[in-house]
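Fold and geometry: a report
Spelled out, the chains give:
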Amino acid sequence: MHFVFISSLVPVAAPASGYDIANRVIVDAVRLLGHKVSVVGFLQPGQTAAAPDDTRLLGTLEVTNARVGKMQKALWLKDAFVHGEPVSVAKMHAVTASDIRAALGGFEAIDGLILNSVQLPGAFLDVFKEWPSLFVAHNVEARTAADNADLAGTAVSRWLYRRDAHLLRLLEQDLCAQARHVFTLAEADRAELRVASAERSTALPLVTSVTPPEAPSPRPSEFDVGLIGSWSWTANRTGLDWFLAEVAPRLPNDVKIAVAGGLGANTPAAPANVTFLGRVPDARAFVRSCRLVPLVSQTGTGVQLKTIETFEMGLPAVATQSALRGISDRPDNCVAADDPAAFAEAMTRLIGRSRSGENLDSDGRIFHAQQLSKLTQCLNRAFQKWENHG
């Protein structure tokens with residue numbers, strides 16, 4: 001079959017963010033099953049499309065709030081009110097419905113659309129209704145916006161997030177109702193989107209690439225503990241703040257903790273044994289230089305790609321239940337803990353074992369193979385239902 005993947009951002013050659021990684025893997029996995037996948041969407045500045053010959057670019061567009069100025073943010077807000085849409089969806093009006101139809105008209109016969117997340121599909125839902133579709137819900141966007149409202153520091157921000165939450169909930173309902181089948185990235189999201197039946201939805205296990213990870217190998221231990229992420233994003237920052245305030249002070253003073261990634265405007269308070277490195281040139285090399293990776297998510301929906309990457313690399317970890325959402329088979333070298341004291345105790349124990357010379361790494365290829373097998377099986381079952389429906 002020939003599917004067109006409709007996404008605000010197209011799959012790229014070198015995915016780095018969780019969203020980009022998930023996009024690339026889903027498209028690659030559909031192609032592994034023998035289907036043709038074309039792509040329509042925007043390209044972020046500095047990126048290269050993963051499959052240029054199969055991609056119709058709508059243009060180059062920076063969608064990350066932290067990378068644009070106040071004027072662009074104000075224009076996005078204006079468009080959100082003009083169109084009656086969430087801000088993330090209003091960003092897509094850098095093109096028109098005619099542009100979307102022209103891009104789709106350039107393809108050979110289309111069997112269906114894969115509508116990826118709410119942004120571009122939500123902005124031009126009336127156009128996409130002309131084809132049968134599948135919907136990929138990376139997370140429950142309405143829930144994320146509502147959580148951000150609860151965490152917002154000003155009354156205006158709270159109001160804007162609540163507005164977005166209401167509009168996103170309506171869009172998610174429309175996209176789910178229109179779709180022949182819905183894919184989520186975490187089991188719990190199926191119920192929250194009200195598509196919990198097996199006929200309506202499937203939770204997709206993810207990998208970070210369809211290519212297997214490298215075999216385990218000796219690695220240095222420059223730091224005892226390493227965290228990396230885009231900390232300017234509210235959901236990620238909530239987890240980091242929890243770790244620094246509740247867990248880090250419970251660790252021995254000689255435990256070396258490194259935090260990599262952009263922090264946004266404010267550097268959080270932290271114990272003296274925490275070092276903030278900013279953006280690092282090689283994320284994988286950084287985490288491999290750490291004895292232990294704490295997976296500290298406290299909120300959100302969907303799957304944590306950082307968790308999957310850690311398990312594929314075979315690195316020892318301590319994880320909250322939120323960080324483990326979407327994971328059915330936790331590796332033996334990962335300890336689950338939500339209570340700060342229990343989290344710190346598990347970290348201290350694992351660090352001690354590592355310092356004594358014990359190799360705590362696992363073979364991440366096993367986890368990867370299990371996940372990829374389950375991913376392709378889930379996709380294949382959904383496509384068989386699609387063909388039967390047709």
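I will try to describe carefully the structure that is included in this document. Note that the structure is predicted; figures quoted are calculated from it, not measured.

The next subject is the overall build of the protein. A count of helical and extended segments in the protein gives 14 helices and 13 strands. For a compact globule of 390 residues, the expected C-alpha radius of gyration is about 21 Å, and the protein comes in at 21 Å, within 12% of that figure. Structurally, the protein occupies a C-alpha span of about 60 × 45 × 40 Å along its principal axes. For the protein, buried positions account for 53% of its 390 residues. For the protein, the proportion of contacts with a sequence separation of at least 24, taken over those separated by at least 6, is 67%. Accessible surface computed for the protein: about 17,000 Å², of which carbon and sulfur atoms make up 51%.

At a minimum axis separation of 10 Å, helix α10 (residues 234-247) and helix α13 (residues 340-355) run at an interaxial angle of 80 degrees. Between α10 and α13, the angle is such that the two are roughly perpendicular. In this structure, α10 uses Trp242, Phe243, Glu246 and Val247 to contact α13, whose residues at the interface are Pro340, Phe343, Ala344 and Met347. When grouped by side-chain class, the residues that make up the contact of α10 with α13 number seven nonpolar, no polar and one charged.

What follows concerns the nonpolar core. Core analysis: the biggest nonpolar cluster contains 52 residues, and Leu206, Phe286, Phe311, Leu375 and Leu379 have the highest contact counts within it. Looking at this core element by element, the count peaks at eight residues for helix α14 (residues 364-389). Judged by nonpolar contacts, the second largest core, of 39 residues, contains Leu58, Leu104, Phe124 and Val140.

One pass over the structure, following the stated rule, counts 20 salt bridges. Measuring nitrogen to oxygen at the nearest pair gives 2.9 Å for the salt bridge that ties Asp79 to Lys78. The buried category is assigned to Asp79, whose relative accessible area is 18%. Ionic pairing is found between Lys374 and Asp329, a salt bridge with its closest N-O pair at 2.9 Å. One end of the pair, Lys374, is in helix α14; the other, Asp329, is in the loop between β12 (317-319) and β13 (334-336), with 45 residues separating them in the sequence. One network of salt bridges, with partners in common, ties together Asp224, Asp254, Arg291 and Arg355.

On to the sheet that holds strand β9 (residues 257-260), then. Pairing between sheet strands relies on hydrogen bonds along the backbone, with the strands arranged either parallel or antiparallel. A sheet is described by the order of its strands in space; here six strands give the open sequence β10-β9-β8-β11-β12-β13, paired in parallel fashion. Every interior strand has two partners, whereas the edge strands, β10 (274-278) and β13, have only one. The mean angle between the axes of side-by-side strands here comes to 25 degrees, regardless of whether they run parallel or antiparallel. With three bridges connecting them, strand β11 (residues 290-295) and β12 associate as parallel partners. Note on β12: the bridge partner recorded for Pro294 is Val318. Contacting β8 (223-228), β11, β12 and β13, helix α12 (residues 305-312) runs over the sheet at an angle of about 150 degrees to β11. Contacting β8, β11, β12 and β13, α13 crosses the sheet at an angle of about 165 degrees to β11.

The next point concerns the sheet that holds strand β5 (residues 133-137). If you walk across this open sheet you meet the seven strands as β3-β2-β1-β4-β5-β6-β7, and the pairing is parallel. The open sheet has two free edges, formed respectively by β3 (55-60) and β7 (201-203), since each of these has just one partner strand. Direction aside, the axes of adjacent strands within the sheet are offset by 15 degrees on average. Note: strand β4 (residues 112-116) against β5, four bridges, orientation parallel. Across the sheet, the residue bridging to Leu113 is Ser133, located in β5. Helix α4 (residues 97-105) contacts β1 (2-9), β2 (36-43), β3 and β4 of the sheet and is inclined by roughly 155 degrees relative to β3.

Our next topic: the state of the cysteines. Applying the stated rule across the entire model yields zero disulfides. Of all cysteine sulfurs in the structure, the one in Cys378 sits closest to Cys176, which takes part in no disulfide; the separation is 17 Å. For the unlinked cysteine Cys290, the closest cysteine sulfur is that of Cys334, found at 16 Å. Since its relative accessible area comes to 1%, Cys290 is described here as buried.

Let us now look at the environment of Gly326. By the secondary structure assignment, Gly326 is in the loop between β12 and β13. We classify Gly326 as partly exposed; its relative accessible area is 31%. Considered as a pair, Gly326 and Trp242 are 84 residues apart in the sequence and their alpha carbons are 21 Å apart. Among all residues touching Gly326, those that are not within four sequence positions of it are Leu185, Ala186 and Val303.

Another point: empty space enclosed by the protein. One pass over the structure, following the stated rule, counts two cavities of 30 Å³ or more. The computed volume of the largest cavity comes to approximately 50 Å³. Taken together, Ala283, Arg284, Val287, Lys306, Glu309, Thr310 and Met313 form the lining of the largest cavity. Mapped onto the lining of the largest cavity, the elements with two or more residues apiece are α11 (283-288) and α12. Its residues assigned to classes, the lining of the largest cavity shows three nonpolar, one polar and three charged. A volume near 30 Å³ is recorded for the second largest cavity. Around the second largest cavity, the lining residues are Pro11, Val27, Arg31, Val39, Ala50, Ala51 and Thr55. For the lining of the second largest cavity, a count of residues per class yields five nonpolar, one polar and one charged.

Conventions adopted
- Residues numbered from 1 in each chain as written.
- Predicted model: local features only at pLDDT ≥ 70, side-chain atom pairs only at ≥ 80, totals over all residues.
- Heavy atoms only, no water.
- Helix = DSSP H or I, 4+ residues; strand = E, 2+ residues; numbered from the N terminus.
- Rg over C-alpha atoms; globule rule 2.2 N^0.38 Å.
- Buried < 20%, exposed > 50% of the residue type's maximum accessible area, 1.4 Å probe, protein only.
- Contact = heavy atoms within 4.5 Å.
- Areas by Shrake-Rupley, 256 points an atom, 1.4 Å probe, with all protein chains shown as cover.
- Axes fitted to C-alpha atoms, helices over the stretch in contact; angles between N-to-C directions.
- Parallel < 35°, antiparallel > 145°, perpendicular 65-115°, else oblique.
- Nonpolar A, V, L, I, M, F, W, Y, C, P; charged D, E, K, R; others polar.
- Core = buried A, V, L, I, M, F, W, Y, C linked by side-chain atoms within 4.5 Å.
- Salt bridge = Lys/Arg side-chain N within 4 Å of Asp/Glu carboxyl O.
- Pairing = 2+ DSSP bridges.
- Disulfide = S-S within 2.5 Å.
- 1 Å grid on protein atoms, 1.4 Å probe; cavity = no way out; pocket = protein on both sides within 12 Å on 5 of 7 lines; lining within 4 Å.
- Points joined across faces, edges and corners; volume = space filled by probe spheres on them.

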